[in-house]
Amino acid sequence: MAAHMRRLTHRYRAVINNNLTSLTSLRGHLSRSYSQVQTDFSSNRVRRTFTDFFHELYQHIIVPSSPVRPRGDPSLLFVNAGMNQFKPIFLGAADPRSEMATYRRVVNSQKCVRAGGKHNDLEDVGRDVYHHTFFEMLGNWSFGDYFKEEACIMAWRLLTEEYRIPPERLYVSYFAGDATSGLPADEETRHIWLSMGVPSDHLLPFGMKDNFWEMGEIGPCGPCTEIHYDHIGGRNAASLVNADSPDVVEIWNLVFMQYNREADHSLRSLPQFSVDTGMGLERLVTVLQGQRSNYDTDLFTPLLSAIQQRSNCPEYRGRTGEADVGKVDMAYRVVADHVRTLSVCIADGVYPGMSGAELVLRRILRRAVRFSTEVLQAPEGALASLVPTVAHILGDAYPELHKETDRIMDIINENEAQFLSSLKQGRRVIDRTLQRLENNDTLFPVPVAWSLHRNLGFPLDLIGLMLEEQGLTVDQRALDVLAIENEKLRCQVQTSVVDTLVHLDLHSLAQLQSGEVPHTDDSPKYHYSLAQDGKYVFQPCHATVQALYCGQTLVSEVAGGQRCGVVLDRTCFYAEQGGQSHDQGYFIRDGLPDVLYPVEAVQLAGGYVVHQVTAAEVLRKGDQVQLYLDEPQRLACMVKHTATHVLNFALRQLLGSSVEQRGSHVAADRLRFDFSVKGSLSIPQLQEIERSIHNIITENNAVYIEEVPLARAKDIPGLRTVDEVYPDPVRVVSVAVPVADLYDSLTDRWTSVELCCGTHLLTTGEIGDLVIISERQMVKGISRIVAVTGDDAREAREAGQVLTQEVESLSARLATVASPSLAGANRLAKEVGILTDAVDCTPIPQWKRRELQTRLKGLQRTTNTSIRKLETKEAAVKAQSLFKKNGNKNIVVDTVDTDSISVLMKTVNQYSDRAPGTLIMLLSHRQPSGKVLCACQVPKGFSALSASDWALTVCARLGGNAGGSATVARGTGSVANLTEALRCAEEYAQDKTQNRC
């Protein structure tokens, strides 16, 4: 490794020589003295200066910020660093046909969110003046181009010349090495800074924690050098660097990607070195505007002013800790930060919801609502009214905020109203729980607290505050354990499928590329035609094994039974991408026609198609193989993919061009399509969509597919795209209109046209039929459609007809029964329940499901009303009989002949109405199950005996359980000795009553 570093130094010595002029200029600049920081930089100017500097002086490509929802990266909830969108380059997995694969020098300002997951600043926001959930990361990258010397020179020149930061206020840290990892100190970087004139007492070594950056548990990593700024100046502040001092803060991190962290935690040198830098815009603007708090810059002051206008609080004063009486200034910071996060996330298609990133955003919104309404005393709707101010501040850089302002406000208002309603419900839950606690019990039940957090969306700190008001606490450690377990479960769900796949690592990819192994030619996946008999013909594909990947390394052969990745020179198998499932099938080796090698999965990595195979026999590099698709599975995917395009078009026709695709998945059995819409679709809308699709199917339109340059494709009117990195050239899929005609301004036919790498039908008629079997709101503003086609669609329609007939038959029977018995009414109610379950679970047209559910709810209300009346009537008879038998005894323990706990409870209630001072418990022995039902009631205010304790004692004797309140309770048990249970019940009540006396 040391020899490698010496070679590296030699390699870049020429770069230093070429920059002598710049270095001389920098040394001169260091000698100057600045009395104060310049304050004429607006945040927009700071951002623009950064990108222009690298673009105009150092030929970097300006790449737009990616959305905050990560592209195809299940390991992240949100984009949390500027490098996220460039991970395919670092991992060697970028599509060689995409523009990304050509990147060498890049600069941008990236929208980032750190809330949830590894990087989580949510609970810190508001407590200090520098933590944020949303922030912008300014960054420049080199992918195999320049390295340490030029990166340092560029950074210093930008800070001291363009931004005019006094050099004497800057301190630089570098990697001190780590003996445990076998890593030497980064002396190369140290010498670079010294050669640029940085004083040695401003150049400080730090270890792995501060100056070695890693992408994750495994992956590219390397030493970093950080530039820190002293807010005070006029002193030597070296001792405050990396000491958590608010006076000396890191402003820029330059990471030198030169290693890869392997699965066994060892480090290997990367085949290509890169530079990844990151500088938080908010912190930089604070420095350049001469402030000490991010919230005192023009990124926040307009928001703080707008908040003050909407609240009943004095203006923001920037206080923290104990000085911030009533946490008013903390609330200002929370609301200002969170409304920025909400605006950016919603504009990028992440809406508050119940899982993953959506759940985190829901918590952010509810935290903002709480501080806005409870601390700042702002009226409902104030939070959403801040969105135009956010758009005004950030809209020049991120114009989608202007475009989506109304949608963002609507979603925030809807969720705020929902949360305020949940707050009322939560307070009722807390109050009911308090009533059940013993007088001297000050510990609130952890399961109830967790339910408030998980199900009603209460922030944990809010639960603590609400309990504190009541003089209660909750076991915080137990709550933390539940939170950790919940997070582990989420991570397991995310990684369970991924862990089963064979992934080419970046070293193996680099070996393939350095060995000049050509990328896989996967064009044969598109080689199919429609025969005269209407059947699809898939052309045969013969290939050569170019590489075998097994056990995290490339091998020359694999033995029978080994699981491996197979890279071929050409393939007709479709690798999973663009939302379409991978192909299935098998291949055979030349000379072994009877031995099948099943293809279990197909993936694309850096231009190579990897076939996941468990070898049936020995397989060697260079073997010739014949590939065989599972043609029915492929054809089913083609049907679903073309149907997805037609569905997308039908939705736009019905709902307008503002409808945006938010995700999709195409499999052999069904298709799934997520899209933006304000609420669930109505029954008429669902019917209209199916009619529109049916018309397109009936017309049997041709499906035109053509590869065109990406820039030209983007000029097509009405083109539908999603947030993906597209190859160049790109495939355009158009229904009914030839691709060449799409550019003709005279073409007035509105049609389905999308950029798509998937496999499609050649005519729409082969879809056969399409039925939407599910449509529901995933989160507010995002709906998901699930649909089936062909025979499955026909079967869904038939099943819908059968269920319709059954509902009509049951409705007719209910109408003809004038006065049913209780047993008969219960049988009818059970039939309604069974039929409801069938309607809910059977694949049928969704519009039909909604119709039948509405009718069944009406039938359920009718049967429930009938049952309640009959139960009340039966209970009255039983209560009258018991009262004749027992009269106004103080304690009544008896049996009743009924199989219904509801009748038993009503009997107890009616007896108590007749004898208000009586303690009553009734038991019923159900036949033939042997189950015992129990119900009891005690007078209100009777402190000597709790109904729930009484029932629990008796049911425990019967091997069962019970629950309820101090006044009314019920439970169940199994018959052992009913006489003994009756005796126990009476003795328990007598004992409690006598003790009272």
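Model, not experiment: these values are computed from the prediction.

S.K.: Got a sec to walk through the packing of helix α5 (residues 148–162) against helix α6 (residues 187–195)? Specific residues and values, please.
M.R.: At their nearest, the axes of α5 and α6 sit 10 Å apart, and the two run at 40 degrees to each other. Here α5 lies oblique to α6, going by the angle between them. The two elements α5 and α6 meet at a crossing, and its hand is right-handed. On α6, the residues touching K148, E149, C152 and W156 of α5 are E188, T189, I192 and W193. By residue class, the composition of the contact of α5 with α6 is four nonpolar, one polar and three charged.

S.K.: Tell me about a positive patch on the surface, and name the residues and values.
M.R.: Together, K424, R428, R432 and R436 line one region of the surface with positive charge. By secondary structure assignment, the location of R436 is in helix α14 (residues 405–436). With relative accessibility at 55%, the residue R436 sits in the exposed group.

S.K.: Describe the confidence of the model for the protein, and please don't skip the residues or the numbers.
M.R.: In this model, the protein carries a mean pLDDT of 88, and residues with pLDDT of at least 70 account for 93%. Ranking the elements of the protein by mean pLDDT puts helix α1 (residues 2–18) last, at 41, and strand β4 (residues 170–175) first, at 98. Counted against residues more than four places away or in other chains, residues 1–37, with its pLDDT under 50, gives 63 contacts. With pLDDT under 50 throughout, residues 493–499 is counted as low confidence; its partners more than four residues away or in other chains account for four contacts.

S.K.: Break down the sheet that holds strand β26 (residues 730–735) for me, citing the residues and quoting the values.
M.R.: Backbone-to-backbone hydrogen bonds join strands into a sheet, with any given pair of strands oriented parallel or antiparallel. The strand order across the open sheet built from three strands is β25-β26-β27, with neighbouring strands paired in antiparallel fashion. Edge strands, defined here as strands with exactly one partner in the open sheet, are β25 (703–708) and β27 (753–755). Across the sheet, the axes of successive neighbouring strands diverge by a mean angle of 20 degrees, strand direction being ignored. As paired strands, β26 and β27 are joined by three bridges and run antiparallel to one another. Bridged to V732 within β27 is L755.

S.K.: Could you give me a rundown of the sheet that holds strand β29 (residues 782–789), with the residues and numbers involved?
M.R.: The four strands lie next to each other as β23-β24-β29-β28, forming an open sheet whose pairing is antiparallel. Whereas interior strands pair on both sides, the edge strands pair on one side only; in this sheet they are β23 (661–666) and β28 (770–779). Averaged over all pairs of adjacent strands, the angle between their axes in this sheet comes to 15 degrees, without regard to strand direction. In the sheet, strand β24 (residues 671–676) pairs with β29 via six bridges, with the strands oriented antiparallel. By the bridge assignment for β29, R672 is matched with V786. Where helix α19 (residues 631–655) meets the sheet, its contacts fall on β23, β24, β28 and β29, and the angle it forms with β24 comes to roughly 25 degrees.

S.K.: Tell me about the pairing of strand β20 (residues 608–614), and name the residues and values.
M.R.: By the criterion of burial, β20 is predominantly enclosed, with six of the seven residues buried. Bridge count for strand β17 (residues 563–568) against β20 is five bridges, and the pairing is antiparallel. Residue V567 lies in a different strand from β20, and its bridge partner there is V610. Pairing between strand β19 (residues 592–605) and β20: six bridges, direction antiparallel. By the bridge assignment, A605 is partnered in β20 with Y608.

S.K.: Talk me through the UniProt feature "binding site: Zn(2+)" (unreviewed entry) in the protein; I want residue IDs and the actual numbers.
M.R.: The sites that UniProt annotates as "binding site: Zn(2+)" (unreviewed entry) are H641, H645, C756 and H760. A compact arrangement is adopted by the annotated residues: their sequence extent is 120 residues, whereas the largest C-alpha distance between any two is 9.7 Å. Positionally, H641 belongs in helix α19. Residue class for H641 comes out buried when judged on its relative accessible area of 4%. Beyond its immediate sequence surroundings of up to four residues, H641 is in contact with G578, Q580, V666, C756, G758, T759 and H760. Along the polypeptide, H760 turns up in the loop between β27 and β28. In this structure H760 comes out as buried when scored by relative accessible area, which is 0%. For H760, the residues in contact, after removing those within four places along its chain, are Y528, M638, H641, T642, H645, V703, I705 and V733.

S.K.: How would you sum up unusual backbone geometry? Please name residues and give values.
M.R.: Omega for the bond connecting D728 with P729 falls within 30 degrees of zero, at 5 degrees, which places this linkage in the cis form. Along the chain, the position of P729 falls in the loop between α21 (710–713) and β26. At H265, a residue that is not glycine, the phi angle is positive and equals roughly 75 degrees. Relative to the assigned elements, H265 resides in the loop between β8 (248–261) and β9 (267–280). With a phi close to 55 degrees, K327 is a non-glycine residue in the positive phi region. With respect to the helices and strands, the residue K327 is situated in the loop between α9 (301–310) and α10 (328–347). For K327, a relative accessible area of 41% translates into the label partly exposed.

S.K.: If you had to explain the environment of L437 to someone new, which residues and values would you point to?
M.R.: Locating L437 in the fold gives a position in the loop between α14 and β10 (443–444). Expressed as a C-alpha distance, the spacing of L437 and E660, which sit 223 residues apart in the sequence, is 51 Å. Not counting the four nearest positions on each side in its chain, L437 is found in contact with L443, P445 and L472.

S.K.: Outline the packing of aromatic side chains, supporting the account with residue identities and numerical values.
M.R.: Summed over the entire model, instances satisfying the criterion amount to 24 aromatic pairs. Where F53 meets Y58, the ring centres are 5.4 Å apart and the plane angle is 55 degrees; that geometry is what we call tilted. Y58 matches F53 in its accessibility class, with the two residues each being buried. Ring centres of F86 and F143 lie 5.7 Å apart, and the angle between their planes is 55 degrees; this geometry places the pair in the tilted category. Of the two residues, F86 is situated in the loop between β1 (61–62) and α4 (87–90) and F143 in strand β3 (residues 134–143); the sequence distance between them amounts to 57 residues. For the pair formed by F86 and F143, the shared burial category is buried. Between R45 and the ring centre of F41, over which it is positioned, the NZ or CZ distance is 4.1 Å. Lying over the aromatic face of F371, R370 brings its terminal NZ or CZ to 4.6 Å of the ring centre.

S.K.: How would you sum up the environment of E414? Please name residues and give values.
M.R.: Position of E414 relative to the elements: it lies in helix α14. Along the backbone, E414 and G381 are 33 residues apart, and their C-alpha atoms lie at a distance of 9.3 Å.

S.K.: Give a description of the nonpolar core that names residues and reports values.
M.R.: Ranked by internal contacts, the top residues of the largest apolar core, which has 137 residues, are L159, Y163, I165, I251 and W252. The element best represented in this core is α10, accounting for 13 residues. Excluding its chain neighbours within four sequence positions, the residues that come into contact with W252 are F50, F54, N140, A155, L158, L159, T225, E226, I227, T277, G278 and M279. Residues L568, M638, L651 and W847 belong to the second largest nonpolar core, which totals 55 residues.

S.K.: So what's going on with the pairing of β28? Which residues, and what values?
M.R.: Looking down a regular strand, the side chains alternate between one sheet face and the other. Here eight bridges tie β28 to β29, and the two strands are oriented antiparallel to one another. Looking across to β29, one finds that Q777 is bridged to S783. Joining the antiparallel neighbours β28 and β29 is a turn of two residues, in which G781 adopts a positive phi near 100 degrees.

S.K.: Tell me about helix α18 (residues 506–514), and please be specific about residues and values.
M.R.: Taken residue by residue, α18 has L506, H507, S508, L509, A510 and L512 as its buried positions. Sitting at the amino-terminal end of α18 is D505, which places a side-chain oxygen 2.9 Å from the backbone nitrogen of H507.

Analysis parameters
- Residues numbered from 1 in each chain as written.
- Predicted model: local features only at pLDDT ≥ 70, side-chain atom pairs only at ≥ 80, totals over all residues.
- Heavy atoms only, no water.
- Axes fitted to C-alpha atoms, helices over the stretch in contact; angles between N-to-C directions.
- Helix = DSSP H or I, 4+ residues; strand = E, 2+ residues; numbered from the N terminus.
- Parallel < 35°, antiparallel > 145°, perpendicular 65-115°, else oblique.
- Left-handed = near helix turned anticlockwise from the far one by under 90°.
- Contact = heavy atoms within 4.5 Å.
- Nonpolar A, V, L, I, M, F, W, Y, C, P; charged D, E, K, R; others polar.
- Patch = residues over 30% accessible without salt bridge, like charges linked within 9 Å, V, L, I, M, F, W, Y side chains within 5 Å.
- Areas by Shrake-Rupley, 256 points an atom, 1.4 Å probe, with all protein chains shown as cover.
- Salt bridge = Lys/Arg side-chain N within 4 Å of Asp/Glu carboxyl O.
- Lys, Arg positive; Asp, Glu negative; His and termini not counted.
- Charge placed at Lys NZ, Arg CZ, Asp CG, Glu CD.
- Buried < 20%, exposed > 50% of the residue type's maximum accessible area, 1.4 Å probe, protein only.
- pLDDT = per-residue confidence, 0-100.
- Pairing = 2+ DSSP bridges.
- UniProt positions renumbered as here; feature names shortened; annotations may be inferred.
- Phe/Tyr/Trp six-rings, centres within 6.5 Å; stacked < 30°, edge-to-face > 60°.
- Lys NZ or Arg CZ within 6 Å of the ring centre and 35° of its normal.
- Core = buried A, V, L, I, M, F, W, Y, C linked by side-chain atoms within 4.5 Å.
- Polar contact = N/O pair within 3.5 Å; in protein donor to acceptor, adjacent residues only side chain to side chain.

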